[in-house]
Amino acid sequence: MDKREEYYMMEALKEAEKAKSINEVPIGAVVVMGDEIIGRGYNLRETTQNAITHAETIAIQKACEQAGTWRLEGAELYVTLEPCPMCSGAIILSRIDKVVYGARDPKAGCAGTLMNLLDDSRFNHQCNVVSGVLEDECGTILSDFFKELRARKKAEKRNQSSPL
């Protein structure tokens, strides 16, 4: 496995940990241009109650601000979970060249699992896609989060139904 890809995926995992620390689904992303991270993001959908505040869209927005342009040609996006249709669209529209992701998303993955919007020749831009970088680590943070969430909800339900 490519050490550079592992390094930047670890940076994306750090972003995912930030989401986890505020009880958000732990997904993180970084946008890299050359050897510099120009955008970071983590999932904020529950915090903002806004459907578009995914890790990728936040990282892309920050990268565009940093670069001073919406065109992120030459950039790479590292994300812990395979991009959904919305994020894949944002990736295409921002002209990111390469997407590296960790865990596959069997419910919404549009970078190879359900379909691959990122290399569809019908669009005016395509991306290279690399999947499975630190896949175990990226999958574990998500599965542990949902396991803990289910346990918390079960305990809350039990506490609400038990007589005092």
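Residues numbered from 1 in each chain as written. Predicted model: local features only at pLDDT ≥ 70, side-chain atom pairs only at ≥ 80, totals over all residues. Heavy atoms only, no water.

1. Looking at the sheet that holds strand β4 (residues 98-103)
Across the sheet, which stays open at both edges, the five strands sit in the order β2-β1-β3-β4-β5 with mixed pairing between neighbours. Each edge of the open sheet is held by one strand with a lone partner, namely β2 (36-42) and β5 (128-130). The mean inter-strand angle of the sheet, taken between neighbouring strand axes irrespective of direction, is 15°. Note: β4 against β5, three bridges, orientation parallel. For K98, the partnering residue across the bridge sits in β5 and is N128. Across the sheet, helix α5 (residues 135-161) lies against β3 (75-81) and β4, angled at about 60° from β4, the strand it touches most. (Pairing = 2+ DSSP bridges. Helix = DSSP H or I, 4+ residues; strand = E, 2+ residues; numbered from the N terminus. Axes fitted to C-alpha atoms, helices over the stretch in contact; angles between N-to-C directions. Contact = heavy atoms within 4.5 Å.)

2. A closer look at the packing of helix α3 (residues 55-67) against helix α4 (residues 85-93)
Running from amino to carboxyl end, α3 crosses α4 at an angle of 20°, the nearest separation of the two axes being 9 Å. Considering the angle they form, α3 stands roughly parallel to α4. Between α3 and α4 the crossing geometry is left-handed. The segment α3 lies against α4, with E56, T57 and I60 engaging M86, C87, A90 and I91. (Parallel < 35°, antiparallel > 145°, perpendicular 65-115°, else oblique. Left-handed = near helix turned anticlockwise from the far one by under 90°.)

3. Here's the deal with the pattern of salt bridges
Within the structure shown, the criterion is met by ten salt bridges. For R4, the salt bridge goes to D35, with nearest N and O atoms at 3.4 Å. Of this pair, R4 sits in helix α1 (residues 3-21) while D35 sits in the loop between β1 (28-33) and β2, placing them 31 residues apart in sequence. Overall, the relative accessible area of 65% leaves D35 in the exposed class. We note a salt bridge from E11 to R40, for which the minimum N-O separation is 2.8 Å. Placement of the pair is E11 in helix α1 and R40 in strand β2, with a sequence separation of 29 residues. Within this structure, E11, K14, E15, K18 and R40 form a network of salt bridges that share partners. (Salt bridge = Lys/Arg side-chain N within 4 Å of Asp/Glu carboxyl O. Buried < 20%, exposed > 50% of the residue type's maximum accessible area, 1.4 Å probe, protein only.)

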